[in-house]
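Residue-level listing of the chains:
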Amino acid sequence: MLLKAALFLHVISAIFWVGGMLFLVLVVAPYLMTLTDPADKSKIFQIVGKQFRFWGWVAIVTLLVTGPVILYMLYGIPLSGIFDPELHKTLFGKTLALKLTFVTIIVLSSLFHDFWLGPKARYSRSLSRWARIFGRTNLIIALVIVLCAVLLRLSLT
Ligand code: HEM
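Note on numbering: residues in each chain are counted from 1, in written sequence order. Where totals are concerned, whole chains, interfaces and linings use all residues; where local detail is concerned, this predicted model gives features only for residues with pLDDT of at least 70, and gives and counts side-chain atom pairs only at 80 or more. Hydrogen atoms and water are omitted, and side-chain values are computed over all heavy atoms in the structure.

Time to look at the overall build of the protein. Only DSSP runs of H or I reaching four residues or more are called helices, and only runs of E reaching two or more are called strands; each is numbered from the N terminus. Assigned secondary structure in the protein consists of four helices and zero strands. Each helix and strand of the protein, ordered N terminal to C terminal, gives the series α-α-α-α. Once the C-alpha set of the protein is aligned to its principal axes, its extents read approximately 55 × 30 × 25 Å. Each residue is placed in one exposure class: buried if its accessible area under a 1.4 Å probe, protein chains only, is under 20% of its type's maximum, exposed if it is over 50%, and partly exposed if it falls in between. Burial analysis of the protein (157 residues in total) assigns 34% to the buried set. Pairs of residues are marked as contacts when any of their non-hydrogen atoms sit within 4.5 Å. At a minimum sequence separation of 6, the contacts of the protein that also span at least 24 residues come to 69%. For the protein, the accessible surface area stands at approximately 10000 Å², while carbon and sulfur atoms represent 75% of it. For accessible areas, the Shrake-Rupley method is used with a probe of radius 1.4 Å. Any residue's cover is judged against the shown protein chains and nothing else.

Another aspect to go through is the environment of V146. Within the element layout of this structure, V146 appears in helix 4 (residues 125-154). For V146 and V11, which are 135 residues apart along the polypeptide, the C-alpha to C-alpha distance reads 9.7 Å.

Now for the coordination of the iron atom of the ligand. The donor set comprises N, O and S atoms within 2.8 Å of the metal, extended to 3.2 Å for Na, K and Ca; water molecules are omitted, so apparent gaps in a site may simply reflect that omission. Surrounding the iron atom of the ligand are the protein donor atoms H10 (NE2) and K99 (NZ), which sit 1.8 to 2.0 Å from the metal. Note on geometry labels: four donors, all angles 85 to 135 degrees, give tetrahedral; four donors become square planar and six octahedral when opposite donors are over 155 degrees apart and every other angle is between 65 and 115; remaining cases are irregular. One can describe the site at the iron atom of the ligand as octahedral: its six donor atoms subtend angles covering 85 to 180° at the metal. One end of the pair, H10, is in helix 1 (residues 2-33); the other, K99, is in helix 3 (residues 91-121), with 89 residues separating them in the sequence. Note on H10: relative accessible area 15%, which makes it buried.

Roughly 1200 Å³ of volume is contained in the largest pocket. With a 1 Å grid laid over protein atoms only, a set of points is called a cavity when a 1.4 Å probe fits there but cannot get out and a pocket when it is open yet has protein on both sides within 12 Å along at least five of seven lines; lining residues have an atom within 4 Å of a point. What lines the largest pocket is a set of 37 residues, among which F45, A121, S128, A131 and R132 lie closest to the centre. Listing elements by their share of the lining of the largest pocket, those giving two or more residues are helix 1, helix 2 (38-75), helix 3 and helix 4. Looking at which element gives the most residues to the lining of the largest pocket, the answer is helix 2, with eleven residues. Each residue is assigned to one of three groups, with Ala, Val, Leu, Ile, Met, Phe, Trp, Tyr, Cys and Pro labelled nonpolar, Asp, Glu, Lys and Arg labelled charged, and all others, Gly among them, labelled polar. Here the residues of the lining of the largest pocket are counted per class, giving 16 nonpolar, twelve polar and nine charged. Grid points are joined across faces, edges and corners, and a volume is the space filled by probe spheres set on the points. Taken as a whole, the second largest pocket spans an internal volume of roughly 850 Å³. Lining the second largest pocket are 31 residues, with H10, L63, G67, K99 and A149 sitting closest to its centre. Contributing elements (two or more residues each) for the lining of the second largest pocket: helix 1, helix 2, helix 3 and helix 4. The leading source of residues in the lining of the second largest pocket is helix 2, at nine residues. Here the lining of the second largest pocket is built from residues that sort into 27 nonpolar, two polar and two charged.

The next point concerns the site of the ligand. Around the ligand there are 18 residues in total, and H10, W17, Y75, K99 and R153 lie nearest to it. The term polar contact refers here to a pair of N or O atoms within 3.5 Å; inside protein, the definition further demands a hydrogen-donor-capable atom paired with an acceptor-capable atom, and it admits residues adjacent in sequence only when both atoms are side-chain atoms. K99 places a polar side-chain atom, nitrogen or oxygen, 2.6 Å from a nitrogen atom of the ligand. For the ligand, an oxygen atom lies 3.1 Å from a polar atom in the side chain of R153. Assignment of a molecule to a cavity or pocket requires that more than half of its atoms lie within 2 Å of the corresponding grid points. If you map the ligand onto the pockets, it falls in the second largest pocket. Among the elements of the structure, helix 1, helix 2, helix 3 and helix 4 are those that each provide at least two residues to the shell around the ligand. Looking at the shell around the ligand element by element, the count peaks at seven residues for helix 2. Among the residues making up the shell around the ligand, the classes are represented as 14 nonpolar, two polar and two charged. If a single non-hydrogen atom of a residue is within 4 Å of a molecule or strand, that residue counts as near it.

See the structure below:
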């Protein structure tokens, strides 16, 4: 039961977070470009951004908690085992290491984007440009993590 719940929460959190970033970049941002008043643009992005930031971090924490549970219950690998050099000799171990490297990068980059760059972007055109660059880079990294997750499952076949 715990494994089923962990996998369900893991996949639904990934769907919400990665899907939410796709929606922001492909739907919300192009709509905001059609608005003429920069104040309107920034106000809407700040409100939508803040709302997504809260639920996005709920999803990130859920992924970071359920990931190790799945790793242990599905493959018998405890969290400490992710540093085992023997594991890294296997395709599964290499794929997991790649996934967790990108997870570490995206968590640090999201912390910087969501809690420093994003809120400051409202008052600076250059910070707003950097916020867009970080936002889009995080989306690409999130898509690479999902690809690693699928390759992780296939690495055992
Ligand atoms: C940003 C965070 C993460 C995202 C977006 C993510 C995404 C995903 C997705 C979409 C799957 C389903 C893939 C499938 O079943 O084919 C998955 C499975 C999995 N994830 Fe994650 N994950 C994240 C973090 C983690 C972490 C931190 C760990 C472990 C410490 C982890 C371990 C696993 C494992 C073991 C599976 C099962 C693979 C399988 O089905 O064989 N994930 N992940």
